[in-house]
Amino acid sequence: MSALPTEPTATPATPSEPAEPYGTAPQPPARTRKNARTRIALPVALALLALPLITAAHHSRPAPYGDRLVAHARVPGADPGPPALRARGRAVQAYEPRSGAIRWTYTREGRRPLTVLAAPGHAFTLWSDGLVTDTERDGGGSVRWHRAIPESAGWLRTPAARGGTGVLRPLTSGAGMLAVITPRRIAAYRTADGDLRWVLPARRGCAFAPARSLHRDGALLVAQPCAGTAASWTAQVAAVDDLGRIVPGRTPLGNGDLERGAGAGAGGGSPEN
């Protein structure tokens with residue numbers, strides 16, 4: 001009896017990977033792709049977390065010159081006019097003349113106001129470190145400018161400075177120019193922008209005395225006592241106005257004040273810087 005032919009047992013075929021279209025780059029395994037996404041997401045998350053910290057650091061930066069100007073809410077029926085000014089403790093205060101309500105306060109970190117000069121629209125302050133500032137007077141909206149007075153901080157700490165008495169003096173009726181008087185010099189600033197317009201040094205062997213100054217006939221007279229007795233009394237007084245020292249035959253250079261006429265100050269009484 002012959003054996004029937006048998007078919008060979010077929011080995012199950014392993015399913016083949018689907019063919020990649022021609023020209024398609026091979027894809028990395030899924031685990032590798034997941035790790036790559038994690039590596040990309042981590043820096044982004046850190047950047048998003050750091051953003052509030054960066055913003056907070058930006059807002060917490062100290063103000064220039066240590067300024068802190070706080071405007072207070074005005075109460076109904078408050079005085080309509082400009083506020084009065086005073087230096088109290090470590091703050092400059094603008095307050096209602098009748099009610100005493102505080103309109104704004106101005107402080108500087110680690111500094112103390114020595115004296116305050118009120119003028120139309122301006123509040124000039126001399127600080128213990130020799131800085132002069134101009135604050136918008138009515139509402140305390142801003143500190144317009146800061147000017148450092150050379151070699152003044154040490155002198156202001158001495159009894160001879162008398163707490164800054166007479167250091168700040170207006171040179172015009174509308175306070176368009178401000179004189180800052182220290183023993184070594186008189187400096188004049190245009191109050192609109194704090195621009196330095198002229199400087200008058202004290203004579204050799206002499207020193208200005210800010211507390212001994214007064215206004216007379218449109219001029220500011222400043223005592224300039226000298227060592228010894230050789231100097232005459234006229235040499236120990238300096239007369240200045242908004243355009244500089246008053247001397248016979250002076251020629252003005254001007255202060256860039258457009259409100260002042262082109263020919264103002266000309267002639268025998270005109271200033272010379």
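Residues numbered from 1 in each chain as written. Predicted model: local features only at pLDDT ≥ 70, side-chain atom pairs only at ≥ 80, totals over all residues. Heavy atoms only, no water.

1. What about the sheet that holds strand S1 (residues 67-71)?
- Across the sheet, four strands lie side by side as S1-S4-S3-S2; this open sheet has antiparallel pairing. Single-partner strands in this sheet number two, and they are S1 and strand S2 (84-88). Direction aside, neighbouring strands of the sheet carry axes that sit 15 degrees apart on average.
- Relative to strand S3 (residues 91-95), S2 runs antiparallel, the two sharing five bridges. Along S3, the bridge assignment pairs Arg88 with Ala91. (Pairing = 2+ DSSP bridges. Helix = DSSP H or I, 4+ residues; strand = E, 2+ residues; numbered from the N terminus. Axes fitted to C-alpha atoms, helices over the stretch in contact; angles between N-to-C directions.)

2. Details of the nonpolar core
- Judged by nonpolar contacts, the single largest core of 18 residues is most densely connected at Phe124, Leu126, Val132, Leu168, Leu178 and Val180.
- Residues contacting Val132, with those up to four places away along its chain left out, are Thr125, Leu126, Trp145, His146, Arg147, Ile149, Leu168, Leu178 and Val180.
- Within the second largest apolar cluster, 14 residues are counted, among which are Ile181, Leu200, Phe208 and Ala238. (Core = buried A, V, L, I, M, F, W, Y, C linked by side-chain atoms within 4.5 Å. Buried < 20%, exposed > 50% of the residue type's maximum accessible area, 1.4 Å probe, protein only. Contact = heavy atoms within 4.5 Å.)

3. A closer look at the confidence of the model for the chain
- Confidence in the prediction of the chain, expressed as mean pLDDT, is 79, and 67% of residues score 70 or more.
- Predicted confidence for residues 1-15 stays below pLDDT 50, and this span has zero contacts to residues more than four positions away or in other chains.
- Ignoring residues within four places in sequence, the model shows residues 260-273, a span with pLDDT below 50, making 31 contacts including any to other chains. (pLDDT = per-residue confidence, 0-100.)

4. Quick look at the pairing of strand S4 (residues 102-108)
- A large share of S4 lies buried, amounting to five of its seven residues.
- Inspection of the sheet shows S1 paired to S4 by five bridges, in the antiparallel sense. Of the residues in S4, the one forming a bridge with Arg68 is Thr107.
- The pairing of S3 with S4 spans five bridges and is antiparallel. When the bridges of S4 are listed, Tyr95 appears paired with Ile102.
- Counting the residues in the hairpin turn of S3 and S4 gives six residues, including Gly100, whose phi is positive at 80 degrees.

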